[in-house]
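Residue-level listing of the chains:
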Amino acid sequence: MAIGAWLELLFVLGGVVALWFAWRALEWGWLSPRRLERALRAQGLRGTTYRFPDGDLKEEALLVAAERAKPMPLRSHGISARLQPLVHNVVKEHGKISMVWNGPMPSVILGEPKMVREVLSTQFRHFKKSLLNYKFMKLVGLELLTHEGEKWEVHRKIIRQAFLLEKLKKMGPAFIACTSELVNRWENSMGSGKEKEIDVWPELQDLTGDVISRAAFGSSLSEGRRIFRIQSEQVQLATQMSNLLYIPGYTYVSSYY
């Protein structure tokens, strides 16, 4: 076969591969989300409209940054608007059963306790979990939250043993001891003054680490506090990563260049 024929064949194959990738990208980023949106709205679900290609990720990042930039009002319990402002706004506007877009994949919000109980207890096999960013899952390792089917049942059975009522009762003294130490430390820091402002966020993080270390692992409080501070940094990095749109195969492209 002549060289020209080989080149022509390579061009044809290259064109076919390029068309296949273009079709897959169109299916992933536009056609499939539109079909899913029509199907969900036909079932009566309301929510945000899909926006190519990142859905609500960009708006969510802006809302989170705006909420974190301002302090919460004193004695306010509106934590949902601060942690998940997008979901809070969508539920407020469209109701407790609505949807948002995690990139090209819709996420259905269930705010009715009875329906949540039904999904988690009897109908969990029929409901698929949202696909999370691969790097996010690799970094945090949310196995029980991401597994499906029999694999989920096995992990749930393993972790269930740690939350039996009798075992939780045995952890009560550790909870009381750690909480008493925290309150005493706050009282001692007051000195002779009647009022003092305390940043409770790092204090409560340390309390969580102390309680779990003392009740579950038996490790020293300083070591447990160090481990949980590292985990806190890990979660912050993973949260920042989750606000980015994951494009399959992009890791290999960026590393190549």
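Residues numbered from 1 in each chain as written. Predicted model: local features only at pLDDT ≥ 70, side-chain atom pairs only at ≥ 80, totals over all residues. Heavy atoms only, no water.

The chain appears in an unreviewed UniProt entry as Cytochrome P450 from Eragrostis curvula. Turning to the chain, the UniProt record has this under Subcellular location (unreviewed entry): "Membrane". (UniProt positions renumbered as here; feature names shortened; annotations may be inferred.)

Asker: Please clarify how the UniProt feature "transmembrane region" (unreviewed entry) in the chain should be interpreted in this entry.
Answerer: Per the UniProt record, "transmembrane region" (unreviewed entry) is found at residues 6-26. Helix and strand shares over residues 6-26 are 100% and 0% respectively, and the end C-alpha atoms of the span are 30 Å apart. (Helix = DSSP H or I, 4+ residues; strand = E, 2+ residues; numbered from the N terminus.)

Asker: Looking at this structure, I do not really get the environment of Ala162. What am I missing?
Answerer: Tracing the sequence through the fold places Ala162 in the loop between helix H8 (149-160) and helix H9 (165-170). Apart from residues lying up to four places away in sequence, Ala162 is in contact with Lys167, Leu168 and Met171. (Contact = heavy atoms within 4.5 Å.)

Asker: What am I meant to see in the packing of helix H2 (residues 57-68) against helix H4 (residues 85-94) here?
Answerer: Running from N to C, H2 and H4 point in directions that differ by 105 degrees, and their axes come no closer than 8 Å. Relative to H4, H2 is oriented roughly perpendicular. Contacts from Glu59, Glu60, Leu63, Val64 and Glu67 in H2 reach Pro85, Leu86 and Asn89 in H4. (Axes fitted to C-alpha atoms, helices over the stretch in contact; angles between N-to-C directions. Parallel < 35°, antiparallel > 145°, perpendicular 65-115°, else oblique.)

Asker: Help me understand the pattern of salt bridges in this model?
Answerer: When charged atoms on two side chains of opposite charge get close, those side chains can pair. Using the criterion set out here, one finds 8 salt bridges in the structure. Here Arg51 makes a salt bridge to Glu59, at a shortest N to O gap of 2.7 Å. A relative accessible area of 40% places Arg51 in the partly exposed class. In this structure Glu59 comes out as partly exposed when scored by relative accessible area, which is 32%. Glu203 is paired through a salt bridge with Arg185; the nearest N and O atoms lie 2.8 Å apart. (Salt bridge = Lys/Arg side-chain N within 4 Å of Asp/Glu carboxyl O. Buried < 20%, exposed > 50% of the residue type's maximum accessible area, 1.4 Å probe, protein only.)

Asker: Just to check I follow, could you spell out the packing of aromatic side chains for this structure?
Answerer: Where two aromatic rings form a pair, the distance of their centres and the angle of their planes describe that pair. Taken as a whole, this structure holds 3 aromatic pairs when the rule is applied. Taken together, a centroid distance of 5.0 Å and an interplanar angle of 80 degrees make the contact between Trp20 and Phe21 edge-to-face. With 5.1 Å between their ring centres and 50 degrees between their planes, Tyr50 and Trp101 make a pair best called tilted. One end of the pair, Tyr50, is in the loop between strand S1 (46-47) and H2; the other, Trp101, is in strand S2 (residues 97-102), with 51 residues separating them in the sequence. In this structure, Tyr50 and Trp101 share a single accessibility class: buried. (Phe/Tyr/Trp six-rings, centres within 6.5 Å; stacked < 30°, edge-to-face > 60°.)

Asker: Explanation requested: the side chain of Ser98 in the structure shown.
Answerer: Relative to the elements of secondary structure, Ser98 occurs in strand S2. Within the structure, Ser98 has its side chain in polar contact with the backbone oxygen of Gly95 (distance 3.1 Å). When near neighbours in sequence (up to four residues on either side) are disregarded, Ser98 contacts Leu45, Arg46, Val90, Val91, Ser107, Val108 and Ile109. (Polar contact = N/O pair within 3.5 Å; in protein donor to acceptor, adjacent residues only side chain to side chain.)

Asker: What's the story with the sheet that holds strand S3 (residues 105-110) in this structure? I'm lost.
Answerer: Sheet strands pair by backbone hydrogen bonding; their relative direction is either parallel or antiparallel. Spatially, the 3 strands line up as an open sheet ordered S1-S2-S3, and their pairing is mixed. Strands at the two margins of the open sheet, each flanked by one partner only, are S1 and S3. Taken together, the 2 bridges between S1 and S2 define a ladder with parallel strand orientation. From the neighbouring strand, Arg46 faces S2, where its bridge partner is Ser98. Sheet contacts for H4: S1, S2 and S3; angle to S2, the most-contacted strand, approximately 145 degrees. (Pairing = 2+ DSSP bridges.)

Asker: Would you take a moment to explain H2 for this structure?
Answerer: Side chains of residues three or four places apart in an α-helix project in the same direction, reflecting 3.6 residues per turn. Between its first and last C-alpha, H2 extends 16 Å over 12 residues, near the 16 Å set by a 1.5 Å rise per residue. Within the span of H2, buried status applies to Leu57, Val64 and Glu67. For H2, the buried positions fall inside an angular range of 90 degrees around the axis, keeping them on one side. Opposite the buried face of H2, at more than 90 degrees from it, the exposed residues are Lys58 and Leu62. (Expected span 1.5 Å × (residues − 1). Arc of directions from axis to C-beta.)

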